[in-house]
Amino acid sequence: MKEYVIEKTVGAPDWTKVPELQVDNVCWLPDAGVRMEQQICHDDEKIYVHQVAHEKNIRAELTDKLGSICTDSCMEFFFAFGADERYFNFEINPNGCIELGFGPDRKNRVRLCHKAERETFQPCCVRAADGWTAEYCLPLDFFRLFYPDFRLVPGVRFRGNCYKCGDRTEHPHYLAWNPVNTLSPDFHRPEFLGEMILNLSLIHISEPTRPY
């Protein structure tokens, strides 16, 4: 399993200083030339996520938060804490439309409809000629709805994986950071989550680039 170290930040993230993980394991379908990178950092109150998709002919049809986001151009972050078999799946399309779920597997997870979704996660998506980016935050207060004692402190380990897909795009594709070894497409397999750890080092940013 791969490992990624999540650096600590002071102020809003400067993504030029945060290490990238490459979402480049092509799964199930022939390589469509699509690629993705993801960056993650944290402070004492939030985990910050920055995702970049390199793809042409973006599909962004869905605007309903309960839609099947994976049919559009989609980037995904799955993560689980401790020994809990349940995981969160956070999926976003270029419209900033989010699918959020929590549970042990595809069939038994619960779709979460957060009433203050944009205020809480602050999604921001930007399109370009050769792809799109997504940025959002995952607040500690949200995690504590499920894990009341959880803290974002150095040394905390959890499991995670990052995915890129587009079931109904012009060139359907499936990519993963940590390989998913199944015969048919299925990202909802927590046994293939990689390792992530909150780091002791500090990225100090004197001038916040984006207020949260």
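Note: the structure precedes this text.
As the structure is a computational prediction, the values presented were derived from the model and not from experiment.

Student: Can you walk me through the nonpolar core in this structure?
Tutor: Soluble, globular proteins show a tendency: their nonpolar side chains are buried together. Core analysis: the biggest nonpolar cluster contains 43 residues, and Phe 77, Leu 138 and Met 196 have the highest contact counts within it. The dominant element in this core, judged by the number of residues it contributes, is strand 11 (residues 131-139), at five residues. Leave out the neighbours within four places in its chain, and Leu 138 touches Glu 45, Lys 46, Ile 47, Val 49, Phe 77, Phe 79, Phe 90, Phe 121 and Phe 143. Ranked by size, the runner-up nonpolar core spans 15 residues in total, among them Ile 69, Phe 78, Tyr 87 and Phe 187.

Student: Would you explain the side chain of Arg 159 in this entry?
Tutor: Mapped onto the elements of the fold, Arg 159 is located in strand 12 (residues 157-165). Within the buried core, Arg 159 has no salt-bridge partner, and the shortest N-O distance to an opposite charge, that of Glu 195, equals 5.8 Å. One polar contact links the side chain of Arg 159 to the main-chain carbonyl oxygen of Gly 82, over a distance of 3.2 Å. For Arg 159, the contacting residues outside a window of four places in its chain are Phe 78, Phe 79, Ala 80, Phe 81, Gly 82, Ala 83, Asp 84, Pro 190, Leu 193, Gly 194 and Glu 195.

Student: Before we go on, may I ask you to explain the pairing of strand 12 in this structure?
Tutor: With eight of nine residues buried, strand 12 lies mostly within the body of the structure. Here strand 6 (residues 74-81) pairs with strand 12 via eight bridges, running antiparallel. The residue bridging Phe 77 from the neighbouring strand is Cys 162, located in strand 12. In the sheet, strand 12 pairs with strand 13 (residues 174-176) via three bridges, with the strands oriented antiparallel. By the bridge assignment, Cys 165 is partnered in strand 13 with Tyr 174.

Student: So what exactly am I meant to see when it comes to the environment of Pro 179 here?
Tutor: Following the sequence through the fold, Pro 179 ends up in the loop between strand 13 and strand 14 (194-204). For Pro 179, the residues in contact, after removing those within four places along its chain, are Asn 25 and Phe 192.

Here is what the cut-offs are and how they apply
Residues numbered from 1 in each chain as written. Predicted model: local features only at pLDDT ≥ 70, side-chain atom pairs only at ≥ 80, totals over all residues. Heavy atoms only, no water. Core = buried A, V, L, I, M, F, W, Y, C linked by side-chain atoms within 4.5 Å. Buried < 20%, exposed > 50% of the residue type's maximum accessible area, 1.4 Å probe, protein only. Helix = DSSP H or I, 4+ residues; strand = E, 2+ residues; numbered from the N terminus. Contact = heavy atoms within 4.5 Å. Lys, Arg positive; Asp, Glu negative; His and termini not counted. Salt bridge = Lys/Arg side-chain N within 4 Å of Asp/Glu carboxyl O. Polar contact = N/O pair within 3.5 Å; in protein donor to acceptor, adjacent residues only side chain to side chain. Pairing = 2+ DSSP bridges.

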